[in-house]
Amino acid sequence: MGKSYLIDTNVIVDAQMGNLSEKGLQLLRDIINENFTISFITYIEVLGYKEVSQTTEDFINLANVIEINKPIIDACISLRKQKNIKLPDAIIAATALVHGLTIISRNTKDFQNIKSLNCVNPHDL
């Protein structure tokens, strides 16, 4: 595939609910098979629901989880000062920027106008 990706929570939920097109689902499969990477915030969001199936828990536990660190914190602070962006989205964006990852998200508008950030919407494929 060449690129490395960071999968946002909404894409994981969309896939579980059967709300991705075949092309979007295939992209997600390819990414997961090559390098299944999520932010710690996605890990919390997915597993933080009151009722999470064992299948979902097992699936998320397969992911490489990028934990918070000082460079991500600093990038997040910078983004929050420059843009009107929610904290979870700022964390996702900062994580992608620090690690040179492309975000896979349904909510690409959340990340628009962030310089040097690449974002792909699997619903647009």
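Residues numbered from 1 in each chain as written. Predicted model: local features only at pLDDT ≥ 70, side-chain atom pairs only at ≥ 80, totals over all residues. Heavy atoms only, no water.

**Q** Give a detailed account of the overall build of the protein, specifying residues and quantitative values.
**A** Looking only at helices and strands, one finds 6 helices and 5 strands in the protein. The linear arrangement of helices and strands in the protein, starting from the amino end, is β-α-α-β-α-α-β-α-α-β-β. Here the C-alpha radius of gyration of the protein, 14 Å, is about what a compact globule of 125 residues would show, namely 14 Å. Once the C-alpha set of the protein is aligned to its principal axes, its extents read approximately 35 × 30 × 25 Å. When burial is assessed residue by residue, the protein has 39% of its 125 residues classed as buried. Sequence separation of at least 24 residues holds for 61% of the intrachain contacts in the protein that already meet a minimum separation of 6. As presented, the protein carries roughly 7200 Å² of accessible surface, and 49% of it is formed by carbon and sulfur atoms. Once the 12 positive and 14 negative side-chain charges of the protein are each reduced to a mean point, those two points are 11 Å apart. (Helix = DSSP H or I, 4+ residues; strand = E, 2+ residues; numbered from the N terminus. Rg over C-alpha atoms; globule rule 2.2 N^0.38 Å. Buried < 20%, exposed > 50% of the residue type's maximum accessible area, 1.4 Å probe, protein only. Contact = heavy atoms within 4.5 Å. Areas by Shrake-Rupley, 256 points an atom, 1.4 Å probe, with all protein chains shown as cover. Lys, Arg positive; Asp, Glu negative; His and termini not counted. Charge placed at Lys NZ, Arg CZ, Asp CG, Glu CD.)

**Q** Before we move on, can you summarise the side chain of aspartate 14 with the specific residues and values?
**A** Locating aspartate 14 in the fold gives a position in helix α1 (residues 9-16). What makes aspartate 14 buried here is its relative accessible area of 5%. Filtering out sequence-adjacent residues up to four positions away, aspartate 14 remains in contact with Asn19, Leu20, Arg106 and His123.

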